[in-house]
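# Architecture and fold: a report
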Amino acid sequence: MSQRDTHTVEVAGLTRHFPLFEVAPGVRIAVFNMLGDTYVVKASAAALAERLKDVAADVLVTAEAKSIPLIYEMSALMGLPYVVMRKAYKSYMGEAISAETISITTGAPQTLFLDEKDRALIKDKRVIVIDDVISTGSTLNGMEKLVLKAEGEVAQIAAIFTEGDDDWSRVVALGNLPIFKS
């Protein structure tokens, strides 16, 4: 395996070196993958929970998959239930609702599904939408659409990182990752 360029960041008091990957010709991003990094998950969850402590909310929501350990830890710290919007429909999900997204890391359209059990957890509730990294906002928009379709209210949006120069002022984030253009 060749030596890959990295981008060094500090998140929740921890230093990490994120590998750079090309996602389009001449465009690279620092890839943050917290799966398997218990220290980053726990520290980031605690930092986000602290920043969200004054938000009136009833439930936490994220999309499958990398944010699952984060939302689990935040749920335990904040004493709130959590919901995971799935990327594939399973028959046990019953009358699920869905929304389309396009993820920067896959580059292809995806569908998020909210199963009927979780719809009941969101209906008439204040929701904090959580993601690991918000890049283009597509997954975020899909999650917000599903919260509204389930008759919930988005009380706040939070992420460990935002990415790029977009206006992310409505997002509670621990940091921002640059986009590298050559």
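Above this text is the structure in question.
These remarks concern the structure in this document. (Residues numbered from 1 in each chain as written. Predicted model: local features only at pLDDT ≥ 70, side-chain atom pairs only at ≥ 80, totals over all residues. Heavy atoms only, no water.)

Turning to the sheet that holds strand β1 (residues 6-11), a few remarks are in order. Read from one edge of the open sheet, 4 strands run β1-β2-β3-β11, paired in antiparallel fashion. In this open sheet, the two strands that pair with only one neighbour each are β1 and β11 (179-181). Each strand axis lies, on average, 35 degrees off the axis of its neighbour in the sheet, ignoring direction. Most of the contacts of helix α1 (residues 38-51) go to strand β2 (residues 14-24), to which it runs at about 100 degrees, and overall it touches β1 and β2. (Pairing = 2+ DSSP bridges. Helix = DSSP H or I, 4+ residues; strand = E, 2+ residues; numbered from the N terminus. Axes fitted to C-alpha atoms, helices over the stretch in contact; angles between N-to-C directions. Contact = heavy atoms within 4.5 Å.)

It is worth spelling out unusual backbone geometry at this point. The residue after E64, namely A65, is reached through a cis peptide bond having omega 25 degrees. Topologically, A65 is positioned in the loop between β4 (59-63) and α2 (68-78). The backbone phi angle of A12 is positive, close to 50 degrees, even though this residue is not glycine. Here A12 shows up in the loop between β1 and β2. Of note, E151 is a non-glycine position whose phi angle comes to about 65 degrees, a positive value. Within the element layout of this structure, E151 appears in the loop between α4 (138-149) and β9 (153-163).

To continue, consider the environment of F32. When you line up the elements, F32 lands in the loop between β3 (27-30) and α1. F32 sits 16 residues away from R16 along the chain, and the two C-alpha atoms are 9.2 Å apart. In this view, F32 contacts F18, V40, K66, D132, V133, I160 and F161; residues no more than four positions away in its chain are not counted.

It is worth spelling out the sheet that holds β9 at this point. Ordered by their spatial adjacency, 5 strands build an open sheet running β5-β4-β8-β9-β10, and the pairing between neighbours is parallel. Only two strands of the sheet have a single partner each, and these edge strands are β5 (82-85) and β10 (171-177). With direction set aside, neighbouring strand axes in the sheet form an average angle of 20 degrees. The pairing of β4 with strand β8 (residues 126-134) spans 3 bridges and is classified as parallel. Across the sheet, the residue bridging to L60 is I128, located in β8. Those strands touched by α4 are β4, β5, β8 and β9, and its axis lies near 165 degrees from that of β8.

For β4 and β5, the ladder comprises 4 bridges, and the chain directions are parallel. Note that in β5 the partner of V61 across the bridge is V83. Taking the sense of rotation as the criterion, the β-α-β connection linking β4, α2 and β5 turns out right-handed. (Right-handed = clockwise from strand over helix to strand, strands pointing away.)

This brings us to the packing of aromatic side chains. Scanning the model with the defined rule gives 5 aromatic pairs in all. Geometrically, the ring pair formed by F18 and F32 is tilted, given 5.1 Å between the ring centres and 40 degrees between the ring planes. Placement of F18 in strand β2 and of F32 in the loop between β3 and α1 is noted, with a sequence separation of 14 residues between them. Here F18 and F32 have matching classes, each one buried. Ring geometry for Y72 and Y82: centres 6.3 Å apart, planes at 90 degrees, overall edge-to-face. One end of the pair, Y72, is in helix α2; the other, Y82, is in strand β5, and 10 residues separate them in sequence. One aromatic cluster is present, built from ring pairs that chain together F18, F32 and F161. Directly above the aromatic system of F21 lies the positively charged group of R4, at a separation of 3.8 Å from the ring centroid. (Phe/Tyr/Trp six-rings, centres within 6.5 Å; stacked < 30°, edge-to-face > 60°. Buried < 20%, exposed > 50% of the residue type's maximum accessible area, 1.4 Å probe, protein only. Lys NZ or Arg CZ within 6 Å of the ring centre and 35° of its normal.)

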